[in-house]
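So the chains spell out like this:
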Amino acid sequence: MTTASGQVSVASSGLRHPLDPDPARATKARAVFALGLLGMLTGLFIGGVVPATVALQLARQARREAYASGGFLTGGVWLRRGERLAWAGLVLVAVSVVVLVVIGVVRLAGAPWGHDYPANMD
């Protein structure tokens with residue numbers, strides 16, 4: 001980005017303003033990763049849906065805050081990893097629900113309907 005022809009670009013000048021804050025890792029990035037990991041580990045037990053959805057909501061907030069900070073909040077790698085783990089946890093929850101529904105339908109189909117009368121009754 002240059003301001004006028006012949007001037008030094010703002011992006012290439014390595015100087016910072018003295019009042020600019022130091023880059024810091026976003027604390028929500030670590031929380032997103034931990035919740036995403038927990039969501040993936042408990043995804044098969046259906047309980048992973050709660051930490052996974054919380055991780056995805058926190059990731060949205062953390063991305064908004066990082067964008068508003070102008071690059072002084074870091075931790076984008078942890079956010080991406082946490083989001084991937086959270087989505088994997090939600091996929092595991094969906095697979096578990098589908099498997100449980102199929103098992104339920106198969107068992108219901110094999111069960112007799114109505115009252116089962118003895119063989120000597122007409």
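The structure we're discussing is the one just above.
Residues numbered from 1 in each chain as written. Predicted model: local features only at pLDDT ≥ 70, side-chain atom pairs only at ≥ 80, totals over all residues. Heavy atoms only, no water.

## Section: the packing of aromatic side chains
Quick note on the threshold: Pairing of aromatic rings covers Phe, Tyr and Trp, the last through its six-membered ring, and needs centres within 6.5 Å; plane angles under 30 degrees mean stacked, over 60 mean edge-to-face, and all others mean tilted. Numbering of helices and strands runs from the N terminus; a helix is a DSSP stretch of H or I covering at least four residues, while a strand is a stretch of E covering at least two. For a Lys NZ or an Arg CZ to count as sitting over a ring, it must be within 6 Å of the ring centre and within 35 degrees of the ring normal.
Considering all chains together, one arrives at one aromatic pair under this definition. Between the aromatic rings of phenylalanine 33 and tryptophan 78, the centroid separation amounts to 4.8 Å while the plane-to-plane angle is 80 degrees, which identifies the pairing as edge-to-face. One end of the pair, phenylalanine 33, is in helix 1 (residues 27–41); the other, tryptophan 78, is in helix 3 (residues 76–110), with 45 residues separating them in the sequence. For arginine 81, the ring lying beneath its charged end belongs to tryptophan 78, and the centroid distance is 5.3 Å.

## Notes on a nonpolar patch on the surface
Convention followed: Distance thresholds for patches are 9 Å for like charges and 5 Å for nonpolar side chains (Val, Leu, Ile, Met, Phe, Trp, Tyr), applied to residues having over 30% relative accessible area and no salt bridge. Every accessible area reported is derived by Shrake-Rupley at a probe size of 1.4 Å, with residue values counting cover from the shown protein chains alone. Only one rule defines a salt bridge in this text: a Lys or Arg side-chain nitrogen within 4 Å of an Asp or Glu carboxyl oxygen. Only protein chains enter the area calculation, which uses a 1.4 Å probe; residues under 20% of their type maximum are buried, those over 50% are exposed, and those in between are partly exposed.
Nonpolar side chains collect at one region of the surface, where Ile46, Val97, Leu100, Val101 and Val105 lie side by side and expose about 410 Å² of accessible area between them. Take valine 97: it is sitting in helix 3. On the accessibility criterion, valine 97 (38% relative accessible area) is partly exposed.

## Focus: the packing of helix 1 against helix 2 (residues 49–69)
Going by this rule: Axis definition: a line fit to C-alpha positions, over the contact stretch in the case of helices; interaxial angles, taken between N-to-C directions, run 0 to 180 degrees. Reported orientations rely on four angle classes, namely roughly parallel under 35 degrees, roughly antiparallel over 145, roughly perpendicular from 65 to 115, and oblique for the rest. Handedness of a crossing is defined here by the sense of rotation of the near helix relative to the far one, left-handed for an anticlockwise turn of less than a right angle and right-handed for a clockwise turn. Whether two residues are in contact is decided by their heavy atoms, any of which lying within 4.5 Å being enough.
Between helix 1 and helix 2, the least distance of the axes is 8 Å, while the angle of their chain directions is 160 degrees. Considering their axes alone, helix 1 and helix 2 lie roughly antiparallel with respect to each other. Handedness of the helix 1/helix 2 crossing: left-handed. Contact residues: Lys28, Ala31, Val32, Leu35, Gly36, Leu38 and Gly39 in helix 1; Pro51, Ala52, Val54, Ala55, Leu58, Ala59, Gln61, Ala62 and Glu65 in helix 2.

## Remarks on the nonpolar core
Selection rule: Buried Ala, Val, Leu, Ile, Met, Phe, Trp, Tyr and Cys residues form a nonpolar core when they are joined through side-chain atoms within 4.5 Å.
Counting residues in hydrophobic clusters, the biggest one holds seven residues: Ala26, Ala29, Val32, Leu58, Ala59, Ala62 and Leu79. Those elements that provide at least two residues to this core are helix 1 and helix 2. If one sorts the elements of this core by residue count, helix 2 sits on top with three residues. Beyond its immediate sequence surroundings of up to four residues, alanine 59 is in contact with Val32, Leu79 and Glu83.

## As for the pattern of salt bridges
Applying the stated criterion to the full structure yields two salt bridges. Two residues, glutamate 83 and arginine 63, come together in a salt bridge whose shortest N-O distance is 2.8 Å. Of this pair, glutamate 83 sits in helix 3 while arginine 63 is found in helix 2, placing the two residues 20 residues apart along the sequence.

## Comments concerning helix 3
Worth spelling out the cut-off: Any helix carries an expected span of 1.5 Å times its number of residues minus one.
Across its 35 residues, helix 3 extends 51 Å between first and last C-alpha, which sits within 8% of the 51 Å expected from 1.5 Å per residue. Taken as a whole, helix 3 has its buried residues at Leu79, Gly82, Glu83, Leu85, Ala86, Gly89, Leu90, Val93 and Ser96. Contacts from the buried residues of helix 3 go to helix 1 and helix 2.

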